[in-house]
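# Examining the three-dimensional arrangement
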Amino acid sequence: MENLQQLVDKFPSTLKEYKTTVACGSIALLSGYLLYKYQSRGRVSEKWNKRYDFIVVGAGSAGCVLANRLSENGKFSVLVLEAGGEDDDPKIHMPMGVLDACTDTKFVWQDKTVPQPASEAYIDSAIQSQHGKVLGGSSSVNWMAYVRGHREDYNNWESLGCTGWGWSNVESYFRKMEDYFLPGEELGHGGPLTVSANRNLRTTDYLIKAIKELGVRENKSYNSGDNQGVTKGHVTAKNGRRWSAAQAYLRPAMKRSNLHVVTDAHVTKILFDGKRAVGVRFVREGGFTYEVLAEKEVIISSGAINSPHLLLLSGIGPKEELQKHGIPIVTELPVGLNYQDHSSAFRNVFFENPQVPKEEHLYKANLSSTKSLIEYFINGKGPLTTAAGQAMCFFDVDKEGNYILTNKMPEVQIFITAGPFIDDPDDEVLSRFNEFANFGPLLLETMKNADKRQGVMLAAVLLHPRSRGSLTLASADPFQRPLIDPQILSDPEDQRIMKIGLKFISDVLKSPTMSSLGSYFSENKFPTKDRIAPDVDPESEEYLEKLVSTACTVCWHPAGSCKMGAEGDTSAVVDPQLRVQGGIQGLRVVDNSIMPHLTSGNTNAPAIMIGEKGSDLILQSYRGI
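Chains are numbered independently. Their residues run from 1 in the order of the written sequence. It should be noted that, the model being predicted, local features are given only for residues of pLDDT at least 70 and side-chain atom pairs only at 80 or more, the latter also being counted only at that level, while totals for whole chains, interfaces and linings use all residues. Computation of side-chain values covers all heavy atoms of the structure but excludes hydrogens and water.

Labels follow the DSSP assignment, with helices taken as runs of H or I lasting at least four residues and strands as runs of E lasting at least two, numbered in each case from the N terminus. Helix and strand counts for the chain stand at 18 helices and 27 strands. Within the chain, the proportion of its 625 residues that are buried is 60%. We call two residues contacting when some pair of their heavy atoms lies within 4.5 Å. Pairs at least 24 residues apart make up 72% of the contacts formed inside the chain by residues separated by at least 6 positions. As displayed, the chain has an accessible area near 24400 Å², and 52% of this comes from carbon and sulfur atoms. A 1.4 Å probe rolled over the protein chains alone gives each residue an accessible area, and that area as a share of the maximum for its type sets the label: buried under 20%, exposed over 50%, partly exposed in between. Methods summary: accessible areas were calculated by the Shrake-Rupley approach with a probe of 1.4 Å, and residue burial reflects only the protein chains presented.

Here we take up the nonpolar core. Membership of the largest hydrophobic core comes to 91 residues, with the highest contact counts inside it found for Trp 165 and Leu 587. If one sorts the elements of this core by residue count, helix α18 (residues 604–621) sits on top with 7 residues. The contacts of Leu 587, once residues within four sequence positions are left out, are Ile 270, Phe 272, Ala 277, Val 298, Ile 300, Leu 311, Ile 316, Leu 578, Arg 579 and Val 580. Grouped together as the second largest cluster of nonpolar side chains are 67 residues, Ile 92, Cys 393, Ile 500 and Val 508 included. Note on terminology: a nonpolar core comprises buried Ala, Val, Leu, Ile, Met, Phe, Trp, Tyr and Cys residues joined through side-chain atoms within 4.5 Å.

Let us now look at the packing of helix α2 (residues 61–71) against α18. Two packed helices can be described by the angle between their axes and the distance between those axes. Think of each axis as a best-fit line through the C-alpha atoms, taken over the contacting stretch in the case of a helix, with angles from 0 to 180 degrees between the N-to-C directions. Contact pair α2 / α18: the axes reach a minimum separation of 8 Å and the direction vectors enclose 35 degrees. In this structure, α2 crosses over α18, and the sense of that crossing is right-handed. Of the residues in α18, those touching α2 at Ser 61, Ala 62, Val 65, Leu 66, Arg 69 and Leu 70 are Asn 604, Ala 607, Ile 608, Gly 611, Glu 612, Gly 614, Ser 615, Ile 618 and Leu 619. Only Asp, Glu, Lys and Arg are considered charged, only Ala, Val, Leu, Ile, Met, Phe, Trp, Tyr, Cys and Pro nonpolar, and every remaining residue, Gly among them, polar. Across the contact of α2 with α18, the residue classes tally to 8 nonpolar, 5 polar and 2 charged. The sense of a crossing depends on the near helix, which, turned anticlockwise from the far helix by less than a right angle, makes the crossing left-handed and, turned clockwise, makes it right-handed.

With that settled, the discussion passes to the confidence of the model for the chain. Averaged over all residues, the pLDDT of the chain is 87; the fraction at 70 or higher stands at 84%. Here residues 1–40 scores under 50 on pLDDT; set against residues more than four positions off or in separate chains, the count is 3 contacts. Every residue gets a pLDDT, meaning the predictor's confidence in that residue, from 0 to 100.

What follows covers helix α6 (residues 167–177). Listed in full, the buried residues belonging to α6 are Trp 167, Val 170, Glu 171, Tyr 173, Phe 174 and Met 177. For α6, the arc enclosing every buried residue in end-on projection is 165 degrees, short of the 170-degree limit, so these residues lie on one face. The directions considered for the arc run from the helix axis to the C-beta atoms.

Take a look at the structure:
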């Protein structure tokens, strides 16, 4: 008995020692695993060769695909130059951390448009045009929505002379890249890019029910070629974490000896021998300049802002633009024209009878919750896995001003976000977002009030703008950002369609489901350039017209500035093989800048598809070598 009692007395300390040992062992095992995982995923290069077969400028959504596919067979040496840094910050990978990541200047380019008449609610009428500056590009900082678009988007491209870019051609590339959570032969399974269901929020269920009460059908498989209808959102996430193009394509390939990836490398010029691209010049930290040569091709994949900027700086563009800045002309092409972006206006909606715990939607509350952190880091589940855009709705419009469902390309997208929201209106992340977005007084007040109450943000998105803008040089200095002029809503038809989209949101609020929640708009004032106007009924036609004419923004979906077209098309920069025209050799552009017109929805999925098809086109040129 005495021995037994001694054992009982000793048990607490023994158990404590055991727990400590297990904890230390677990930490060691975890640390070892993470170190192994980090080392095995490949590292960026601090040294590089003087020559490569291919040089890829930009490690964004399409650039990561190019890096993987061009180095896959081991025959070709590939160098990828990325102006940003690595994607190793945890907030990049945490879906609920999107507002934190997408406003951090370590990961994004801080570009603003020139003043836009339809954006007087923004300071100086200028809008932020955010895009990624990190491995993975915008796929590392976007809102993770996965939208292929409508089949007619691509059929229309083909009808404009882009042979081989119809739906029957590009659908196979979507399937090749996808590992989709839904079954069905029209979707891809086993590809590198994991597509998952966004975390379901009960507020989302209310919104979908309300929209169906307006006669809109539910379309659960909206990525099968026809996206009209209402649906819960699908996102690029794997095991509850962001699954960017860097994670899906670049990181697995970085272990290959024939692929080098250099970060913090700002490419300032394409080098030519006559009209043949033979290499690039780039600058790294400290202002040191380097040149590297391409034996086969230079491939520009820096997005619809940086790709035309680099071409212009290198002497490819409109003659008058190049002469204006004293840049020697290599060839004259309409670079920077045909610039497009989706435009939107958002409404914040609050509930008197929310019926949903507000904490489910809050970023900082969950970031400081032990339960949420354990769920996220151990199981890849819980509130921190919530990405923006829990639901979406796509519809067409008619000449009488009605929203309708057709089998054509939709004209409007309603992007529905019930979180993540920032808990404290004075929080540093929210302040940074408001500053980053360049909100004027009314929008700033609206955003600061949004998180005091339970609510949801509904954004009406114009999918097919008739307006066309431009990107031009501010100077010949490669470190001075270009002038971006999307000309949003400059076409009257764009204004008409946007107003129908906002009217749809008003009708959603009048639905039986939303009425039962006591739904109401957050604002009853509209902005003017210098002041907030007297109260105006937010349900009125006058309010909707003011909202369209003064409070629209871009969706950070730039496209079209290096337009693809048939060979000889004078409005095109690249041909359907993505080769730069005008007699240029050894140079292609592979990113969303080649789109003749925008697709019907968020543009990250099409960007990755363009990377897949572009890789195939390049490799076909060297088959047998």
